[in-house]
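Here is what each chain is made of, one letter per residue.
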Amino acid sequence: MAQLWGGRFTKQTDEAVKAFNDSIGFDKRLYRQDIQGSMVHARMLGRQGILTAEDCQAIEKGLQGILADIESDRMEITAEYEDIHSFVEANLIDRIGDAGKRLHTGRSRNDQVALDMRLYTRNAVDEVRRETLHLLDVILDLMEKNTDTFMPGFTHLQKAQPTTLAHHLGAYFEMLRRDCTRFADCRVRMNECPLGAGAMAGTTYPLDRAFVAAELGFDCATRNSMDSVSDRDYLLEFLSDLSILMMHLSRFSEELIIWNSNEYRFVEMDDAFSTGSSIMPQKKNPDICELVRGKVGRVYGDLMSLLTAMKGLPLAYNKDMQEDKEPAFDAIDTAMACIPLFAGMLSTMKFNKDVMEKSAMRGFTNATDAADYLVGKGVPFRDAHGIIGRLVLYCIDAGKGIEELSLGELREFSGQFDEDVFEAVSLRACVNRRLTAGAPGEAAMAEEIAACRRWLEAQK
Ligand code: ARG
């Protein structure tokens, strides 16, 4: 018997209808959660005197056997069953007979699938969070090693002010740290147990929902039974969080692609994390970055699919909701593939510090500091801004940096320039005098890094 229903039907399901309706092709990956939930449900039915102790034992043993057989490849989850719930129940009945037929007492596939998906997603949240924390560890190691690796900071992709690699990477640390806290937040709302909601209106059996919730590691049972079988908010929330995380990885990828370009040469990807061209022998391409950037679209699409599937649904369960699985699995799989690869790529990448530093010295990244120097000598900032603007124009013509002019040349623009200007506009001074909290100056950065390390350690 591959089907759980059929009593009120007089005809076989049309084959195309069966294929269209079935979800076993993709929900088979819920087998562990389905069996785990069924074991606890049976145990609870026994404790409540709804099933006999013998039946409960037989069910638990039977389910254990199915689990062991699937995990050791002795049993295959085949397409003749409608979904994973039918597969498990039908096989249990094959193995233990009548006791197996009692498992579904006080339960519906509606609350069963709601439970399975929550258990699966909760585990995925933990895994994604763990991988993100590992990526943060890689980023923080790089930050610690690069507090004096100077590079240009950009706005509009134009050189703006000098900074350090540690500071630049620190921005990504913050983004991914927020992602981790978002995962933790959504886990809190997700961690309520829907089993016991039945088809939608609870049940007449004296179920102990609190027991089931506690056994399965939930904080509590869900409240309204209609909401319990209709709610997919926790998935939408997780997919939103994954979309934001992927957007962060995509921005990071984009920068690395630019930095890895022939024109920039700030970084070089390790051979193990790059690919070549079939025609151009000189090529070494940053494919991991490009793929991560490309895969963001899938995750956004997954979120959009589910939002759209849910938007017109009346209460309570509707078959549309079976469409939650493929996008959810795809988004989880995509993120789980991207995050560790990204960490591996970062930790093996070579940073060309001398190229970065040279680039930081070109492009008048010290122009703000030159203006600040004049402010220090009593010139109002707006006037200083004008003076340095004219000075930059002169430098462009002369093909020189501000620091390469003679004091005589500088004095043509303002009598306030003195010998000490050269130290004031040096790269090291420009960076290390920026000491506001969160700025790249070495002392400010050291504090930031220590705080990041403390936060990261506290997550373990
Ligand atoms: N395969 C279904 C799903 O994934 C399980 C729930 C079926 N419930 C029902 N009333 N047909 O949503």
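Residues numbered from 1 in each chain as written. Predicted model: local features only at pLDDT ≥ 70, side-chain atom pairs only at ≥ 80, totals over all residues. Heavy atoms only, no water.

Considerations on the overall build of the protein
No. 1: For the protein, the count of helices and strands is 20 helices and six strands.
No. 2: Out of the 460 residues in the protein, the part that is buried amounts to 49%.
No. 3: Restricting to contacts in the protein with at least 6 residues of sequence separation, those with at least 24 account for 76%.
No. 4: Accessible surface, the protein: about 22000 Å² in total, of which carbon and sulfur atoms supply 52%. (Helix = DSSP H or I, 4+ residues; strand = E, 2+ residues; numbered from the N terminus. Buried < 20%, exposed > 50% of the residue type's maximum accessible area, 1.4 Å probe, protein only. Contact = heavy atoms within 4.5 Å. Areas by Shrake-Rupley, 256 points an atom, 1.4 Å probe, with all protein chains shown as cover.)

Some points on the nonpolar core
Considering soluble globular proteins, one finds that nonpolar side chains tend to be buried as a cluster.
No. 1: The biggest cluster of nonpolar side chains holds 108 residues, and the ones touching the most others in it are Ile139, Phe238, Leu242, Leu256, Trp259 and Leu346.
No. 2: Here the element with the most residues in this core is helix α7 (residues 109–145); it accounts for 15 residues.
No. 3: Filtering out sequence-adjacent residues up to four positions away, Leu242 remains in contact with Val128, Phe183, Val299, Ala331, Ile332 and Ala335.
No. 4: With 20 residues, the next largest nonpolar core counts Ala370, Tyr373, Ile388 and Cys395 among its residues. (Core = buried A, V, L, I, M, F, W, Y, C linked by side-chain atoms within 4.5 Å.)

As for the packing of helix α3 (residues 31–47) against helix α4 (residues 53–71)
No. 1: Following both chains from N to C, one finds α3 and α4 inclined at 170°, their axes separated by 9 Å at the closest point. Judged by the angle between their axes, α3 and α4 are roughly antiparallel. On α4, the residues touching Tyr31, Arg32, Ile35, Ser38, Met39, Ala42, Arg43 and Gly46 of α3 are Cys56, Ile59, Glu60, Leu63, Gln64, Ile66, Leu67, Ile70 and Glu71. (Axes fitted to C-alpha atoms, helices over the stretch in contact; angles between N-to-C directions. Parallel < 35°, antiparallel > 145°, perpendicular 65-115°, else oblique.)

Considering the pairing of strand β1 (residues 150–155)
No. 1: Taken together, the six bridges between β1 and strand β2 (residues 158–164) define a ladder with antiparallel strand orientation. The partner of Pro152 across the bridge, within β2, is Pro162.
No. 2: The loop that links β1 with its antiparallel partner β2 comprises two residues; one of these, His156, has a positive phi angle of about 55°. (Pairing = 2+ DSSP bridges.)

Remarks on the environment of Asp179
No. 1: Within the secondary structure, Asp179 sits in helix α8 (residues 165–190).
No. 2: Asp179 sits in the buried class, given a relative accessible area of 0%.
No. 3: Here the alpha-carbon distance between Asp179 and Leu133, two residues 46 residues apart in the chain, equals 9.7 Å.
No. 4: The contact partners of Asp179, leaving out residues within four places of it in the chain, are Asp241, Ile244, Leu245 and His248.

Structural notes on the packing of aromatic side chains
No. 1: Evaluation of the coordinates by the stated rule reveals twelve aromatic pairs.
No. 2: Over the aromatic face of Phe211 sits the side chain of Arg47, whose NZ or CZ is 3.9 Å from the ring centroid.
No. 3: Just above the ring of Phe218 sits the side chain of Arg122; from NZ or CZ to the centre is 4.6 Å. (Phe/Tyr/Trp six-rings, centres within 6.5 Å; stacked < 30°, edge-to-face > 60°. Lys NZ or Arg CZ within 6 Å of the ring centre and 35° of its normal.)

Digging into the side chain of Asp231
No. 1: Along the chain, the position of Asp231 falls in the loop between α10 (225–230) and α11 (233–259).
No. 2: The exposure class of Asp231 is buried, given its relative accessible area of 12%.
No. 3: Looking at Asp231, its side chain comes within polar contact range of the main-chain nitrogen of Asp233, at 2.6 Å.
No. 4: Beyond its immediate chain neighbours, meaning those up to four positions away, Asp231 contacts Arg118 and Met321. (Polar contact = N/O pair within 3.5 Å; in protein donor to acceptor, adjacent residues only side chain to side chain.)

Quick word on the environment of Ser240
No. 1: By secondary structure assignment, the location of Ser240 is in helix α11.
No. 2: Residue classification places Ser240 among the partly exposed residues on the basis of a relative accessible area of 25%.
No. 3: Taking the C-alpha atoms as reference points, Ser240 and Asn366, 126 residues apart in sequence, are found 40 Å from one another.

Some thoughts on a nonpolar patch on the surface
No. 1: A surface patch of nonpolar side chains, about 270 Å² in accessible area, is lined by Met200, Met226 and Leu315.
No. 2: Residue position: Met226 is located in helix α10. (Patch = residues over 30% accessible without salt bridge, like charges linked within 9 Å, V, L, I, M, F, W, Y side chains within 5 Å. Salt bridge = Lys/Arg side-chain N within 4 Å of Asp/Glu carboxyl O.)

Quick word on the pattern of salt bridges
No. 1: Counted under the stated rule, the structure contains 32 salt bridges.
No. 2: Put simply, Asp137 and Arg453 hold a salt bridge, and the shortest N to O gap is 2.9 Å. Here the residue Asp137 occupies a position in helix α7, and Arg453 occupies one in helix α20 (residues 442–458), the gap between them amounting to 316 residues.
No. 3: Measuring nitrogen to oxygen at the nearest pair gives 2.9 Å for the salt bridge that ties Asp324 to Arg232. Of this pair, Asp324 sits in the loop between α12 (287–310) and α13 (325–348) while Arg232 is found in the loop between α10 and α11, placing the two residues 92 residues apart along the sequence.
No. 4: The network of salt bridges with shared partners includes Glu82, Asp83, Arg109 and Lys319.

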